Amino acid sequence: MSEQHSPRRPYHTPLTGSWWLKHRYYRFYMLREATVLPLLFFCGCLIAGLYSLQQGESSWLNWLSFMAQSWVIALNALTLAASLFHAKTFFELFPRVMPLLPAPLMIAGQWLGTVAVAALLLLLLGGVL
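Residues numbered from 1 in each chain as written. Predicted model: local features only at pLDDT ≥ 70, side-chain atom pairs only at ≥ 80, totals over all residues. Heavy atoms only, no water.

**Brief notes about the overall build of the protein chain**
Next up, step 1: Of regular secondary structure, the protein chain possesses five helices and zero strands.
Next up, step 2: Each principal axis of the C-alpha atoms in the protein chain carries an extent, and together these give about 75 × 40 × 35 Å.
Next up, step 3: Put simply, the protein chain has 129 residues, and 14% of those count as buried.
Next up, step 4: The long-range fraction of contacts in the protein chain, counting pairs at least 24 apart against all pairs at least 6 apart in sequence, stands at 38%.
Next up, step 5: Accessible area for the protein chain stands at about 10700 Å²; split by element, carbon and sulfur atoms hold 71% of it.
Next up, step 6: Within the protein chain, one finds 8 positive and 4 negative side-chain charges whose respective centroids are separated by 17 Å. (Helix = DSSP H or I, 4+ residues; strand = E, 2+ residues; numbered from the N terminus. Buried < 20%, exposed > 50% of the residue type's maximum accessible area, 1.4 Å probe, protein only. Contact = heavy atoms within 4.5 Å. Areas by Shrake-Rupley, 256 points an atom, 1.4 Å probe, with all protein chains shown as cover. Lys, Arg positive; Asp, Glu negative; His and termini not counted. Charge placed at Lys NZ, Arg CZ, Asp CG, Glu CD.)

**Some details on the pattern of salt bridges**
Next up, step 1: One pass over the structure, following the stated rule, counts two salt bridges.
Next up, step 2: Ionic pairing is found between Arg32 and Glu33, a salt bridge with its closest N-O pair at 3.7 Å.
Next up, step 3: Its relative accessible area of 12% is what places Arg32 among the buried residues. (Salt bridge = Lys/Arg side-chain N within 4 Å of Asp/Glu carboxyl O.)

**A closer look at the state of the cysteines**
Next up, step 1: By the definition in use, this model includes zero disulfides.
Next up, step 2: With no disulfide of its own, Cys43 has Cys45 as its nearest cysteine by sulfur position, at a separation of 9.3 Å.
Next up, step 3: Here Cys43 falls in the partly exposed class, since its relative accessible area comes to 36%.
Next up, step 4: Relative accessible area serves as the criterion here: at 5%, Cys45 is assigned to the buried category. (Disulfide = S-S within 2.5 Å.)

**Topic: the packing of aromatic side chains**
Next up, step 1: Applying the stated criterion across every chain, the model contains nine aromatic pairs.
Next up, step 2: Note on Tyr25 and Tyr26: the rings are 5.9 Å apart at their centroids and 65° apart in plane angle, and the pair reads as edge-to-face.
Next up, step 3: The exposure class of Tyr25 is exposed, given its relative accessible area of 53%.
Next up, step 4: Given the relative accessible area of 37%, Tyr26 is considered partly exposed.
Next up, step 5: Connected via pairs of aromatic rings, a cluster forms that spans Phe90, Phe91, Phe94 and Trp111. (Phe/Tyr/Trp six-rings, centres within 6.5 Å; stacked < 30°, edge-to-face > 60°.)

**Quick look at the side chain of Thr35**
Next up, step 1: Within the element layout of this structure, Thr35 appears in the loop between α1 (24-33) and α2 (36-55).
Next up, step 2: Judged by relative accessible area, Thr35 falls into the buried class, the value being 12%.
Next up, step 3: Among the polar contacts made by the side chain of Thr35, one reaches the main-chain carbonyl oxygen of Arg32 at a distance of 2.6 Å.
Next up, step 4: The contacts of Thr35, once residues within four sequence positions are left out, are Ala82, Phe85 and His86. (Polar contact = N/O pair within 3.5 Å; in protein donor to acceptor, adjacent residues only side chain to side chain.)

**Considering the packing of helix α4 (residues 70-97) against helix α5 (residues 103-124)**
Next up, step 1: Here α4 crosses α5 at 145°, and the two axes come no closer than 8 Å. The chirality of how α4 crosses α5 is right-handed. In contact with Leu84, Ala87, Lys88, Phe90, Phe91, Glu92, Phe94 and Pro95 of α4, α5 contributes Ala103, Met106, Ile107, Gln110, Trp111 and Thr114.
Next up, step 2: Along the lines of polarity and charge, the residues of the contact of α4 with α5 split into ten nonpolar, two polar and two charged. (Axes fitted to C-alpha atoms, helices over the stretch in contact; angles between N-to-C directions. Left-handed = near helix turned anticlockwise from the far one by under 90°. Nonpolar A, V, L, I, M, F, W, Y, C, P; charged D, E, K, R; others polar.)

**Details of the confidence of the model for the protein chain**
Next up, step 1: With 93% of its residues at a pLDDT of 70 or more, the protein chain shows a mean pLDDT of 89.
Next up, step 2: The spread of mean pLDDT over the elements of the protein chain runs between α1, the lowest at 88, and helix α3 (residues 57-67), the highest at 95. (pLDDT = per-residue confidence, 0-100.)

Rendered as C-alpha cells:
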C-alpha cells in the first residue's frame, strides 16, 4: 500500500517579536528568564578574579579595584536580587510539579535550606558570622 501525501499543510500561527508582551503571564516568564543576564556578569567577574589571582599580586589588586567600583557593586546587587527572585519563583513552582508535602511547608523548607547553606558558606569562608 502506497502512502499518499495530502497537499494540505498544517496551519502555524505566526509569532511576532513582541508575542510575550501580550499577556501578563508571558511578561512574568520573560522577566524570570532574564534573571540569567546579571548572573552572566557575576560569573564573568568570578572567572576574571580567578584568572587575575593566577597572574599575580598586581593583577589581583587591579581586579579588586575594579570590583570596588560603584557600578560593579550595583550590578552585583542586581544579580543578588535577580537570583533571589528566580529562587522565589522556583520554590513556588516546585510544589506544583512534585507535590510531596503541603506547598507552604515545601517552600519554607527550601528557604530554610538556602539560608542554612549560605550561613555555612559564610562561616567556612570567613564571612561575617
